[in-house]
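Observations on the model geometry
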Amino acid sequence: MDEQQKARLAGYLGIAQRAGKIAAGDTPAKEALQHKKASLLVLAEDASPQVKEELLALAGDRVPVLSWPDKADLGRLVGKSRRGALALLDSGLAKAMLKVLDATIKS
């Protein structure tokens, strides 16, 4: 993920947070995945291996997963302390974020 992609994705996460469409943190993200409310899982690369394993298992093939460089930055984006994971609860925003990644992969 380059800096331009990261900035655009951060903007979408900010919009989602203001709209109340983010489950911020390991436990809220886990609950969103269990209740099939998550449209996208954002997982910090420095999250604990146990958290990663559990959330990835819950996401399975159903929920796309986006890797984010670190917990501190991920938490800051949504106005919180360090967060190992975020679940995006809006399918439209999730599609828009995935499109940002897909566009740069094809070019």
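Below: a short report on this structure. (Residues numbered from 1 in each chain as written. Predicted model: local features only at pLDDT ≥ 70, side-chain atom pairs only at ≥ 80, totals over all residues. Heavy atoms only, no water.)

**Overview of the pairing of strand β2 (residues 40-44)**
Most of β2 sits inside the fold, with five of its five residues counted as buried. The side-chain alternation of β2 yields two buried faces, one formed by Leu40, Val42 and Ala44 and the other by Leu41 and Leu43. The sheet contact formed by β2 and strand β4 (residues 85-88) spans four bridges and is antiparallel. Pairing of Leu43 across the sheet is with Ala85, part of β4. By the bridge criterion, four bridges tie β2 to strand β3 (residues 65-68) in an arrangement that is parallel. Looking across to β3, one finds that Leu41 is bridged to Val65. The parallel pair β2 and β3 is bridged by helix α3 (residues 49-59), and the resulting crossover is right-handed. (Buried < 20%, exposed > 50% of the residue type's maximum accessible area, 1.4 Å probe, protein only. Helix = DSSP H or I, 4+ residues; strand = E, 2+ residues; numbered from the N terminus. Pairing = 2+ DSSP bridges. Right-handed = clockwise from strand over helix to strand, strands pointing away.)

**Points about the pairing of β4**
A regular strand places its side chains so that they alternate between the two faces of the sheet. Burial of β4 is two-sided: the residues Ala85 and Ala87 facing one way and the residues Leu86 and Leu88 facing the other way are all buried. Judged from the three bridges that link them, strand β1 (residues 22-24) and β4 form a sheet pairing that is antiparallel. Paired with Ala23 across the bridge in β4 is Ala87.

**Here we look at the sheet that holds β2**
Taken together, four strands build an open sheet; the order of strands is β1-β4-β2-β3 and the sheet is mixed. Looking at which strands have only one partner, the edges of the open sheet turn out to be β1 and β3. Here the average twist between neighbouring strands, direction ignored, is 20°. Running at roughly 35° to β4, helix α2 (residues 26-34) makes contact with β1, β2 and β4 of the sheet. (Axes fitted to C-alpha atoms, helices over the stretch in contact; angles between N-to-C directions. Contact = heavy atoms within 4.5 Å.)

**Regarding the environment of Leu89**
Take Leu89: it is sitting in the loop between β4 and α5 (91-106). Under the relative-accessibility criterion, Leu89 is labelled partly exposed at 29%.

**Some words on the nonpolar core**
Leu13, Ile22, Val42, Leu66, Trp68, Leu86 and Leu88 are the most contacted members of the largest nonpolar core, which has 22 residues in total. Where this core is concerned, the elements lending two or more residues are α1 (3-18), β1, β2, β3, α4 (71-77), β4 and α5. With residues up to four places along the chain from it excluded, the contact list for Leu13 reads Ile22, Val42, Trp68, Leu74, Leu77, Val78, Leu86 and Met97. Membership of the second largest hydrophobic core comes to 13 residues, among which are Ala23, Ala38, Val51 and Ala87. (Core = buried A, V, L, I, M, F, W, Y, C linked by side-chain atoms within 4.5 Å.)

**Digging into the side chain of Ser39**
In this fold, Ser39 is placed in the loop between α2 and β2. The residues touching Ser39, leaving out its near neighbours within four places in the chain, are Val63, Pro64, Leu88, Leu89, Asp90, Ser91 and Ala94.

**A look at unusual backbone geometry**
Its identity is not glycine, yet Lys36 carries a phi of approximately 55°, on the positive side. Along the polypeptide, Lys36 turns up in the loop between α2 and β2.

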